[in-house]
Amino acid sequence: MIKKYLIIILSVAFLVFPVSRNLISFAETKGGKISEVRIVNGCPRLFINGEEINTGAVNIYYLPDMGIEVQGKNEVPRYPSEKWLLNTEGLIDQALNNRARLILLNLWWSDLDKSVIRPNSISAYLDFNNLDRIFDYAGKKGAYIIPVFVFFPFIPDWWLKENNFPPYHKGKICDSCETDSYGNVYNNPSMNSDKVQRDWGAFIEAVIKRYKIHPALAGWMVGVGATGEDGYGPNYIYLKGFGNASEKIESRPLMFTDYSPFFERRFKGWLKGKYGSDAAIQEAWGDKTVTFDSFKTPKPQEMIKEGRFVPVFPDPTDIFALAASKGRSGSLTAKGIDFYDFRNYMRRQDRRYYSDLFKRNDPGHVLIFSASSEDFLSDESLSDGIGFSLGGSVDAEANNLFYYLALDIVRKAKDHKKLAFISREHVCDGALRSKTGQCESPEQLRFTEILGKSVKCAGGIFAYTVAPYDKKSFVNGSWIPPVWFSDESMEAARRINDYSPGGDCACYLIREVYSGSGCGSNAVRNCDLISKLHEIYCGGIIEAGIDNIVDTSGKCGDGICDPFEIESGKCPKDCAFAPAASH
């Protein structure tokens, strides 16, 4: 009788609880591969089981639970539909056809966890069926997968409800939602949130344990991390993004964060540790009204110096601002500087938590963080590489900035002996496609190809971004994720992956971007950034309006009279016996 009831109980359990098709872990059935970073000729390189993987990569990006329907057709298939699975498998085939073996597969918690209420065990309620299929398919085809863990903004519904995150925030207090100085609550969590670390961390740990010895695994990546795109804390807030409490927030100045109860408590504790007494903090801040008993995070107006305008709190992870030399220097008061330092402390704690989680559970595979700041790179032991995704653009000024950032990130990563993944999104011009049948302009494709080759030349890994939507249902001018999908862009991807960098490739390619974007005539901005790159990589600056190179690092006097020296009269010793240039 006992045996009969036991069989019934077990049968019901299999009906009630979600169970993956593979009840035996990969650890028991398959031999995993080990990945590592080795330095080859001064460049960090990815090795898997001793084999150097020197191909490009593909970044498979999509928005979960947000299939876009256009004219009755589901343009972006929902995970985990059969169409999503077939299209994702097709993208793996396409990547291999383009000579790219690395697949960056974005992975959302809300895809695998469909629980209505908090599960007793997060790992036990995850549905791995579809991810198993993709991993097995990649392994069969000879591709390698790097799962990209993405937290914001697609989070299980039960978690949002439990923690009072938008859209369930109805004027109540959200303890650890990122909150701005006006009291607007976002569904971006506060940095170093213990709730996120506990629950999202449990999800990450479950995925690691399942796939860490799968033969198709190449490593792990944290994309838009627990609280932001730098892997560990926001370098911006979504003023027009998902989950805003107000549609007019972006028009207000001084959008400082974080004013959540959680962040305020932690800030108070950090200040107590630094100053120890009311008298000490009052003297440091020049404010006799501040006490730890009644502590409140200072208002933005108290954090910036009189006469300065700082619309969004400065951040060391904002590399766009840093490229334009718009740091926080001189703009913050003593209160603002402490808040600045505290935010950095919180994001360091966050990134160290997740780094330890990955390395503790799987020391045999590389870990990549979506991070590019010097503050992150200086923590040498945290990861084996960094990743950065560049938006798609047809604007020359934006492309010049992106180009500078991409090569600067690769250079800095190389200096710290880390891999650098640079992903490039794309923009399909619906009007152009209606008129010519081509999705991207020739100039756009030309720039992207040079960007990809430049990243390889500088020592990085270039990835193009794709999405598993149904190409046949694409409607001109409709919204799609920023991806590559046209035949012309696929041809460019193949040329990038087939490219073998030469010794002087950086100089040649940087100059190509400079001239191709109209910098020779000073018609666009950010040309000084391209010139700066040439000085860094090639030892010479590009003079605006001339579109040629002046040697500044001892190359002048090498006895070689190049065409520019002839034409401009520079380096006369090199050209002493050269004929005058003809025009």
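Criteria and thresholds
Residues numbered from 1 in each chain as written. Predicted model: local features only at pLDDT ≥ 70, side-chain atom pairs only at ≥ 80, totals over all residues. Heavy atoms only, no water. Helix = DSSP H or I, 4+ residues; strand = E, 2+ residues; numbered from the N terminus. Buried < 20%, exposed > 50% of the residue type's maximum accessible area, 1.4 Å probe, protein only. Contact = heavy atoms within 4.5 Å. Areas by Shrake-Rupley, 256 points an atom, 1.4 Å probe, with all protein chains shown as cover. Salt bridge = Lys/Arg side-chain N within 4 Å of Asp/Glu carboxyl O. Core = buried A, V, L, I, M, F, W, Y, C linked by side-chain atoms within 4.5 Å. pLDDT = per-residue confidence, 0-100. Pairing = 2+ DSSP bridges. Disulfide = S-S within 2.5 Å. Axes fitted to C-alpha atoms, helices over the stretch in contact; angles between N-to-C directions. Phe/Tyr/Trp six-rings, centres within 6.5 Å; stacked < 30°, edge-to-face > 60°. Lys NZ or Arg CZ within 6 Å of the ring centre and 35° of its normal. Parallel < 35°, antiparallel > 145°, perpendicular 65-115°, else oblique. Left-handed = near helix turned anticlockwise from the far one by under 90°. Nonpolar A, V, L, I, M, F, W, Y, C, P; charged D, E, K, R; others polar.

### Concerning the overall build of the protein
Of regular secondary structure, the protein possesses 20 helices and 17 strands. The buried share of the protein, reckoned over its 583 residues, is 52%. Pairs at least 24 apart in sequence give 71% of the contacts found in the protein among residues at least 6 apart. Accessible area for the protein stands at about 25,600 Å²; split by element, carbon and sulfur atoms hold 53% of it.

### Some thoughts on the pattern of salt bridges
Should their charged atoms come close, side chains of opposite charge can pair. A full pass over the atoms with the stated rule returns 28 salt bridges. Linking Lys161 and Asp157 is a salt bridge whose minimum nitrogen-to-oxygen distance equals 3.6 Å. In this pair, Lys161 and Asp157 are both assigned in helix H6 (residues 157-162), four residues apart and thus about one turn of the helix distant. On the basis of relative accessibility, which here comes to 44%, the residue Lys161 falls in the partly exposed class.

### Concerning the nonpolar core
Trp200, Phe203, Tyr403 and Phe421 are the most contacted members of the largest nonpolar core, which has 121 residues in total. Here the element with the most residues in this core is helix H14 (residues 396-415); it accounts for ten residues. Setting aside residues up to four positions removed in sequence, Phe421 forms contacts with Ala57, Leu102, Leu104, Ile146, Met221, Ile368, Ile386, Gly387, Phe388 and Ile461. Counting 23 residues, the second-largest nonpolar core is a separate cluster that includes Phe262, Tyr275, Ile304 and Phe342.

### Section: the environment of Leu367
Position of Leu367 relative to the elements: it lies in strand E12 (residues 366-369). Look at Leu367 and you get buried, because its relative accessible area is 1%. Setting aside residues up to four positions removed in sequence, Leu367 forms contacts with Trp220, Ser355, Phe358, Lys359, Leu382, Ser383, Asp384 and Gly385.

### Some thoughts on the confidence of the model for the protein
Looking at the protein, the pLDDT average stands at 79 and 76% of residues meet or exceed 70. At the level of individual helices and strands, the protein shows its lowest average pLDDT in helix H1 (residues 2-16), which scores 33, and its highest in helix H9 (residues 278-285), which scores 98. Ignoring residues within four places in sequence, the model shows residues 230-250, a span with pLDDT below 50, making 66 contacts including any to other chains.

### With respect to the sheet that holds strand E1 (residues 35-40)
Spatially, E1-E2-E3 is the arrangement adopted by the three strands of the open sheet, whose pairing is antiparallel. The outermost strands of the open sheet, each flanked by one partner alone, are E1 and strand E3 (51-52).

### What to know about the state of the cysteines
With the rule as written, the count across this model stands at four disulfides. Between the sulfur atoms of Cys507 and its disulfide mate Cys538 the distance is 2.3 Å. Taking the sign of the S-S torsion, about -120° here, the bridge from Cys507 to Cys538 comes out left-handed. Note that Cys507 is positioned in helix H18 (residues 505-516) and Cys538 in helix H19 (residues 527-538), a separation of 31 residues in sequence. Under the relative-accessibility criterion, Cys538 is labelled buried at 6%. Here Cys519 pairs with Cys527 through a disulfide, and the sulfurs are 2.1 Å apart.

### Considering the sheet that holds strand E7 (residues 100-108)
Within the closed barrel, the eight strands sit side by side as E4-E7-E8-E11-E12-E13-E14-E15. Their pairing is parallel. Averaged over all pairs of adjacent strands, the angle between strand axes in this sheet comes to 25°, irrespective of strand direction. By the bridge criterion, two bridges tie E12 to strand E13 (residues 385-390) in an arrangement that is parallel. In the strand pairing of E13, Phe369 is matched with Ile386. Along the sheet face, helix H12 (residues 334-361) touches strand E8 (144-150), strand E11 (219-222) and E12 and points at about 155° away from the line of E12.

### Describing the packing of aromatic side chains
All told, the structure shown has 25 aromatic pairs when counted by the stated rule. Through a chain of ring-to-ring contacts, three or more aromatic side chains come together here, namely Trp109, Phe149, Trp158, Trp159, Phe165, Phe203, Trp220 and Phe358. The side chain of Arg38 reaches across the aromatic face of Phe47, ending 4.4 Å from its centre.

### Details of unusual backbone geometry
The residue after Pro166, namely Pro167, is reached through a cis peptide bond having omega 10°. Positionally, Pro167 belongs in the loop between H6 and strand E9 (177-179). Following Thr257, the chain continues to Asp258 via a peptide bond in cis, the omega torsion being 25°. The phi dihedral of Lys417 falls on the positive side, at around 60°, and the residue is not glycine. You can see Lys417 is positioned in the loop between H14 and strand E14 (419-424). Lys417 sits in the exposed class, given a relative accessible area of 57%. Of note in this structure, Asn526 is not a glycine but carries a positive phi near 65°.

### Topic: the pairing of strand E10 (residues 185-189)
Counting buried positions over the five residues of E10 gives five, a clear majority of the element. Residues Val185, Asn187 and Pro189 line one face of E10 and the alternating positions Tyr186 and Asn188 line the opposite face, and both faces are buried. With two bridges joining them, E9 and E10 adopt antiparallel strand pairing. Paired with Cys177 across the bridge in E10 is Pro189.

### Quick look at the packing of H14 against helix H16 (residues 442-458)
Viewed as axis vectors pointing N to C, H14 and H16 meet at an angle of 15°, and their least axial separation amounts to 9 Å. Taken together, the axis directions place H14 and H16 in an arrangement best described as roughly parallel. With respect to the hand of their crossing, H14 and H16 are arranged in right-handed fashion. Counted together, Asn399, Tyr403, Ala406, Leu407, Val410 and Lys414 of H14 and Phe447, Ile450, Leu451, Ser454, Val455 and Ala458 of H16 form the full contact between these two elements. Tallied by class, the residues present in the contact of H14 with H16 amount to nine nonpolar, two polar and one charged.

### Let's talk about the environment of Phe295
Mapped onto the elements of the fold, Phe295 is located in the loop between H9 and helix H10 (300-303). Assessed through its relative accessible area of 7%, Phe295 is described here as buried. Sequence separation of Phe295 and Phe267 is 28 residues, and the distance between their C-alpha atoms is 9.5 Å. The contacts of Phe295, once residues within four sequence positions are left out, are Glu264, Phe267, Lys268, Leu271, Trp285 and Val290.

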